[in-house]
Amino acid sequence: MMITGDALIGGKAVKGTGAGVRAFNPALGQVIEPEFRTVDTAQIDQACRLADEAFDTFRALSDERRSVFLETIADQIMALGDVLVERVMEETSLPRARVEGERGRTVGQLKLFANLLREGSWHDVRFDKALPDRTPPRPDLRMRMIGLGPVAVFAASNFPLAFSVAGGDTASALAAGCPVVLKAHFAHPGTSELVGRAVVKAVEICGLPAGVFSLLTGVGNELGIELVRHPAIKAVGFTGSRGGGLALMAAAAARPVPIPVYAEMSSINPVFLLPNALKNRAEDIAAGFAASLTLGVGQMCTNPGLVLAIEGPDLERFTTAASQALVGGAACSMLSPGIAGNFARGVSQLAEHADVKTLALAPQAEGKGAPALFVSTAASFLSQHALQEEIFGPASLVISCKDVAELRQVTEKLEGQLTATLQMDEGDLEAAQSLLPVLERKVGRILANGYPTGVEVCSAMVHGGPFPSTSDGRTTSVGTGAITRFLRPVCYQNLSQALLPEVLRDNGSATWLRREGELTRN
């Protein structure tokens, strides 16, 4: 499949008319052809209108047909073979094993949502039968979930497949019956076009309206803002910077009809080294921490950017071992020059901070990221909010606390996070119990004796958390729960069987339903 530099609107390849952008090979420092032009206002409008026109037809499909559609997308992605893998490697400098693993995760997500549709619980069907003899009488009430409408999805920079064109936001929106208008990320436009063409091919194979999926190309904040402002768009899925997420949230809130923005933005994912674990396993924990911190050159939203522990010889053992593991690390190409530049600035700011001591700082290089480890005190962390700012890359800050009480005090001051990790052994239970209520308020996923990088794609996973880790801490962007972001409830009162949706009829297809509040399997 050739990469042409086209946007994909209504099943057709079209050229944008605005500013051009080319992909960049971070490892070689070379521009990659072809040029991708920025779509104009008329093209954005066309994609959104076609999505709006397709919505009622698409959401009315049976669960089986939408399942087959998601599986067909997965098949078409796999059919791209090495063409896709090699283009991702070229545009991101990610190694083949990582790219192939991410492709597997992308395909797995699509199949996970196909299975959810067949299982049927997502409808959340509820029946409360009429009680005509009650005073006052109760009407017949039935409820189900339906899709919100067309969804604008913004591809992520750090996961060119799993959080991009056919990633979790797109998969969950399509599963909900919502057409998707996708803004491709400028850092991997060729990858985006390839996957976009696979989705368009699946739309054709399954005989769906062409407006079910469109891919918009180009650069500039206005493209994204204009997409969010379009009246046909009913929700937004975004993974990126806090600044970008806040801008989209502001645009969505300022619309005549505001819409929800589900944005994953910023997280430093604290790791708590509780006293007995630190005493018993300081060096082993340090080795695992270093591996987690440098995974993917630290370009993971669950990267362990903060370590919290009680001061003393055991913490010094940890910092010594972690520093030794990190200081010899080579500088590796980051995903884009922009990410590399931001990382370098963040590391420089910590290295020059009066209240921060540098423990390990591997030699840096332009366009690359090398490991860095710093340490500061709880008092400094509590008084200076800037020490909570995310550095997107292989850098972490250790905070030394006087005791468990101060550890909890620091925890109370943390912003919302995607994850928190408890390294704990026998004897640490009391300390963990004191932290747990705070962590439940602060984070979306709490781990014990592991590391936050590596997000399992399954029903129980939560990849979300309180602001600013996400814009809405009630939701997740990974796992089957992600579909709920793009659904809303509709209640039907006293409608005849002929008018009711098939899933709500007396002998309907609902697999799971609540009758008078009791959940049963049909």
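All values derive from a computational prediction rather than experimental measurement.

Here Glu-33 and Pro-34 are connected by a cis peptide whose omega angle stands at 0°. Among the structural elements, Pro-34 can be located in strand β4 (residues 30–37). A cis amide bond links Thr-135 with the next residue in sequence, Pro-136, at an omega value of -10°. Tracing the sequence through the fold places Pro-136 in the loop between β5 (125–128) and β6 (141–147). At Val-297, a position not held by glycine, the phi torsion is positive, near 55°. Looking at where Val-297 falls in the secondary structure, it is placed in the loop between α9 (275–294) and β13 (306–310). Non-glycine residue Glu-516 carries a positive phi angle of around 50°. Turning to its location among the elements, Glu-516 is positioned in the loop between β22 (512–515) and β23 (518–521).

A sheet is described by the order of its strands in space; here 5 strands give the open sequence β21-β6-β5-β22-β23, paired in mixed fashion. Two strands lie at the open edges of the sheet, namely β21 (487–493) and β23, each paired on one side alone. Strand-to-strand twist of the sheet, defined as the mean angle between neighbouring strand axes without regard to direction, takes the value 25°. Relative to β6, β5 runs antiparallel, the two sharing 3 bridges. Within the sheet, the bridge partner assigned to Arg-126 lies in β6 and is Met-143.

Time to look at empty space enclosed by the protein. To find leftover empty space, one rolls a probe the size of a water molecule over the atoms. Counted under the stated rule, the structure contains 4 cavities of 30 Å³ or more. Estimates place the volume of the largest cavity at around 70 Å³. The element contributing the most residues to the lining of the largest cavity is strand β11 (residues 261–264), with 3 residues. Classifying every residue of the lining of the largest cavity by side-chain character gives 3 nonpolar, 7 polar and 2 charged.

Right, let's get into the pattern of salt bridges. Applying the stated criterion across every chain yields a total of 28 salt bridges. Note that Asp-124 and Arg-126 form a salt bridge whose closest N and O atoms lie 3.1 Å from each other. Judged by its relative accessible area of 34%, Arg-126 is partly exposed. The closest approach of N and O atoms between Arg-197 and Glu-193, which form a salt bridge, is 2.8 Å. One end of the pair, Arg-197, and the other, Glu-193, are both in helix α6 (residues 189–205), 4 residues apart, so they sit about a helical turn from each other.

What follows is about the sheet that holds strand β15 (residues 357–361). Strand order in this open sheet of 7 strands is β15-β17-β18-β13-β12-β19-β20, and the pairing throughout is mixed. Looking along the sheet, the strands with just one partner apiece sit at the ends: β15 and β20 (443–448). Geometrically, the sheet is characterised by an average inter-axis angle of 20° between neighbouring strands, direction not taken into account. Where strand β12 (residues 270–273) lies against strand β19 (residues 417–423), 3 bridges are found, and the strand directions are parallel. Along β19, the bridge assignment pairs Val-271 with Thr-421.

Among the secondary structure elements, Gln-43 is positioned in helix α1 (residues 41–59). Filtering out sequence-adjacent residues up to four positions away, Gln-43 remains in contact with Ile-9, Val-14, Lys-15, Gly-16 and Thr-17.

Next up on the list: the pairing of β4. Of the strand pairs in this sheet, strand β3 (residues 20–25) and β4 are connected by 5 bridges, and their pairing is antiparallel. Bridge pairing links Gly-20 to Arg-37 in β4. Between β3 and β4, which pair antiparallel in sequence order, lie 4 residues; one of them, Gly-29, sits at a positive phi of approximately 65°.

Quick look at the environment of Asp-472 now. If you trace the backbone, Asp-472 turns up in the loop between β20 and β21. By relative accessible area, Asp-472 is classed as buried at 14%. Residues Asp-472 and Glu-264 lie 208 residues apart in sequence; the distance between their C-alpha atoms is 8.7 Å. Those residues in contact with Asp-472, other than ones at most four positions away along the chain, are Tyr-262 and Gly-465. Here the side chain of Asp-472 touches Arg-474 through a polar contact of 2.8 Å, side chain to side chain.

This next bit is on helix α3 (residues 82–92). Of the residues making up α3, those classed as buried are Leu-84, Val-85, Arg-87, Val-88, Glu-91 and Thr-92. Along the axis of α3, the buried residues cluster in a sector spanning 165°; they form a single face. In this structure, the buried side of α3 is in contact with β3, β4, α2 (63–79), α4 (96–119) and α6. One or two residues past the end of α3 sits Ser-93, with phi positive at roughly 65°.

Here we take up helix α14 (residues 429–442). With 14 residues, α14 should cover 20 Å at 1.5 Å per step; its first-to-last C-alpha distance of 19 Å lies within 8% of that length. Three or more residues of α14 are buried, namely Ala-431, Ala-432, Leu-435, Val-438, Leu-439 and Lys-442. If you follow the buried residues of α14, they end up packed against β12, α13 (404–413), β19 and β20.

This part covers the environment of Val-410. For Val-410, the position within the fold is in helix α13. The buried category is assigned to Val-410, whose relative accessible area is 0%. Once the C-alpha coordinates of Val-410 and Trp-512 are considered, the two residues, 102 residues apart in sequence, prove to be 44 Å apart. Apart from residues lying up to four places away in sequence, Val-410 is in contact with Leu-308, Ala-378, Phe-381, Leu-382 and Cys-401.

How each quantity is defined
- Residues numbered from 1 in each chain as written.
- Predicted model: local features only at pLDDT ≥ 70, side-chain atom pairs only at ≥ 80, totals over all residues.
- Heavy atoms only, no water.
- Helix = DSSP H or I, 4+ residues; strand = E, 2+ residues; numbered from the N terminus.
- Pairing = 2+ DSSP bridges.
- Axes fitted to C-alpha atoms, helices over the stretch in contact; angles between N-to-C directions.
- 1 Å grid on protein atoms, 1.4 Å probe; cavity = no way out; pocket = protein on both sides within 12 Å on 5 of 7 lines; lining within 4 Å.
- Points joined across faces, edges and corners; volume = space filled by probe spheres on them.
- Nonpolar A, V, L, I, M, F, W, Y, C, P; charged D, E, K, R; others polar.
- Salt bridge = Lys/Arg side-chain N within 4 Å of Asp/Glu carboxyl O.
- Buried < 20%, exposed > 50% of the residue type's maximum accessible area, 1.4 Å probe, protein only.
- Contact = heavy atoms within 4.5 Å.
- Polar contact = N/O pair within 3.5 Å; in protein donor to acceptor, adjacent residues only side chain to side chain.
- Arc of directions from axis to C-beta.
- Expected span 1.5 Å × (residues − 1).

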